[in-house]
Amino acid sequence: HSSKFEGMPNVVLEAMFFGVPIISSDCGDLNRIVNNEINGYIFSNFNLESYFQVFKKLTIEKDLYSKISINANKTIVNNFSKKTVVDSFKEILNK
């Protein structure tokens, strides 16, 4: 679980790499990489009812869990691979 004030928590990126669907409150920059019902879920801060609804949904709907798990991994591989990060830095430095 991420805190109320974070930028981009590494633990979330690591979990997504391993295919763990993210269920998190809306904090930091998570909404830049977590897309509801695609690679995880973000709910309003401290809305426990939303958290439990999503948790229950992912527990019951195994196909949805699998889809989100695969998409979570793809998000990290496509956007945070070593090559992607290095290329982004090169682009910034060349400006």
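In short, a report on the structure. (Residues numbered from 1 in each chain as written. Predicted model: local features only at pLDDT ≥ 70, side-chain atom pairs only at ≥ 80, totals over all residues. Heavy atoms only, no water.)

Let's talk about the pattern of salt bridges
Here's step 1: Scanning the entire structure with this criterion turns up three salt bridges.
Here's step 2: The salt bridge partner of arginine 32 is aspartate 29, with a shortest N-O separation of 3.8 Å.
Here's step 3: Of the charged contacts in the structure, one is a salt bridge between lysine 57 and glutamate 37, with a shortest N-O distance of 3.8 Å. A residue pair is termed long-range when its members are at least 10 positions apart, and lysine 57 in helix α2 (residues 48-60) and glutamate 37 in the loop between β1 (22-25) and β2 (40-43) qualify at 20 residues. (Salt bridge = Lys/Arg side-chain N within 4 Å of Asp/Glu carboxyl O. Helix = DSSP H or I, 4+ residues; strand = E, 2+ residues; numbered from the N terminus.)

A word on unusual backbone geometry
Here's step 1: The phi dihedral of glutamate 37 falls on the positive side, at around 65°, and the residue is not glycine.
Here's step 2: For glutamate 37, a relative accessible area of 41% gives the class partly exposed. (Buried < 20%, exposed > 50% of the residue type's maximum accessible area, 1.4 Å probe, protein only.)

A few points about the packing of α2 against helix α3 (residues 62-79)
When two helices pack together, their arrangement is given by the angle between the helix axes and by the axis-to-axis distance.
Here's step 1: Across the interface, α2 lies against α3 with an axial gap of 5 Å and an inter-helix angle of 105°. The orientation of α2 with respect to α3, classified from their angle, is roughly perpendicular. Contacts from Lys57, Leu58, Thr59 and Ile60 in α2 reach Lys62, Leu64, Tyr65 and Ile68 in α3.
Here's step 2: Residues of the contact of α2 with α3, tallied by class, amount to five nonpolar, one polar and two charged. (Axes fitted to C-alpha atoms, helices over the stretch in contact; angles between N-to-C directions. Parallel < 35°, antiparallel > 145°, perpendicular 65-115°, else oblique. Contact = heavy atoms within 4.5 Å. Nonpolar A, V, L, I, M, F, W, Y, C, P; charged D, E, K, R; others polar.)

Comments concerning the packing of aromatic side chains
Here's step 1: Applying the stated rule across the entire model yields four aromatic pairs.
Here's step 2: Seen in terms of ring centroids, phenylalanine 17 and phenylalanine 18 are 5.1 Å apart; in terms of plane orientation they differ by 85°. Their pairing is edge-to-face.
Here's step 3: In this structure phenylalanine 18 comes out as exposed when scored by relative accessible area, which is 67%.
Here's step 4: Chaining the aromatic ring pairs together yields one cluster made of Phe43, Tyr51, Phe52 and Phe55. (Phe/Tyr/Trp six-rings, centres within 6.5 Å; stacked < 30°, edge-to-face > 60°.)

Re α3
Here's step 1: Taking 1.5 Å as the rise per residue, α3 with 18 residues should run 26 Å; its terminal C-alpha atoms sit 26 Å apart, in good agreement.
Here's step 2: All buried positions along α3 are accounted for by Leu64, Ile68, Ser69, Ala72, Thr75 and Ile76. Across the axial projection of α3, the buried residues extend over an arc of 135°, all falling on one side. For α3, the exposed residues lying more than 90 degrees away from the buried face are Lys62, Asp63 and Asn78. (Expected span 1.5 Å × (residues − 1). Arc of directions from axis to C-beta.)

Some remarks on helix α4 (residues 82-93)
Here's step 1: Under the 1.5 Å per step criterion, the end-to-end length of α4 is 16 Å for twelve residues, consistent within 8% with the ideal 16 Å.
Here's step 2: Of all twelve residues in α4, zero are buried, a share of ten percent or less.

Regarding the environment of valine 54
Here's step 1: Tracing the backbone shows valine 54 in helix α2.
Here's step 2: Once the C-alpha coordinates of valine 54 and valine 77 are considered, the two residues, 23 residues apart in sequence, prove to be 24 Å apart.
Here's step 3: Apart from the residues within four sequence positions on either side, valine 54 is in contact with Ile23 and Tyr41.

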